[in-house]
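Close look at the chain arrangement
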Amino acid sequence: MSTTYAIRVDEAIKNEAAEVAKFYGLDLATMTRALWAQIARTRRIPLEFTDEEPNEESLQAIRETQEMIANGTGTLYKTPQELFEALGI
């Protein structure tokens, strides 16, 4: 036996979700059924409700960049090509 369930969702969010579903060869209805099936099977909601935290390497890079901005140090590049050349790429 099956049932129908209607939801209200912002159209922009629906359209973005539809693009993701399409990338995986699914439509929104199939993706929604798969989500519900996973919830029922695992007894968990497969969502994260927290912001991702940067790792220590990223935090160090952020601190270094903030210090460079505060001190006015560092090298500025006018184009990505100049940066790549300086990096030897």
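Structure report, in brief. A quick note: this is a predicted structure, and the numbers were derived from the prediction, not measured.

Bringing the packing of aromatic side chains into the picture now. The way to describe two aromatic rings as a pair is by their centre distance and the angle between their planes. According to the stated counting rule, one finds two aromatic pairs in the structure shown. When the ring of Tyr 5 is compared with that of Trp 36, the centres are 5.4 Å apart and the planes differ by 65°; the resulting orientation is edge-to-face. Of this pair, Tyr 5 sits in the segment before helix H1 (11-23) while Trp 36 sits in helix H2 (residues 28-42), placing them 31 residues apart in sequence. Tyr 5 sits in the exposed class, given a relative accessible area of 59%.

This next bit is on the pattern of salt bridges. Per the counting criterion, the structure on display carries one salt bridge. Glu 56 is the salt-bridge partner of Arg 63, the closest N and O atoms lying 2.6 Å from each other.

The rules behind each value
- Residues numbered from 1 in each chain as written.
- Predicted model: local features only at pLDDT ≥ 70, side-chain atom pairs only at ≥ 80, totals over all residues.
- Heavy atoms only, no water.
- Phe/Tyr/Trp six-rings, centres within 6.5 Å; stacked < 30°, edge-to-face > 60°.
- Helix = DSSP H or I, 4+ residues; strand = E, 2+ residues; numbered from the N terminus.
- Buried < 20%, exposed > 50% of the residue type's maximum accessible area, 1.4 Å probe, protein only.
- Salt bridge = Lys/Arg side-chain N within 4 Å of Asp/Glu carboxyl O.

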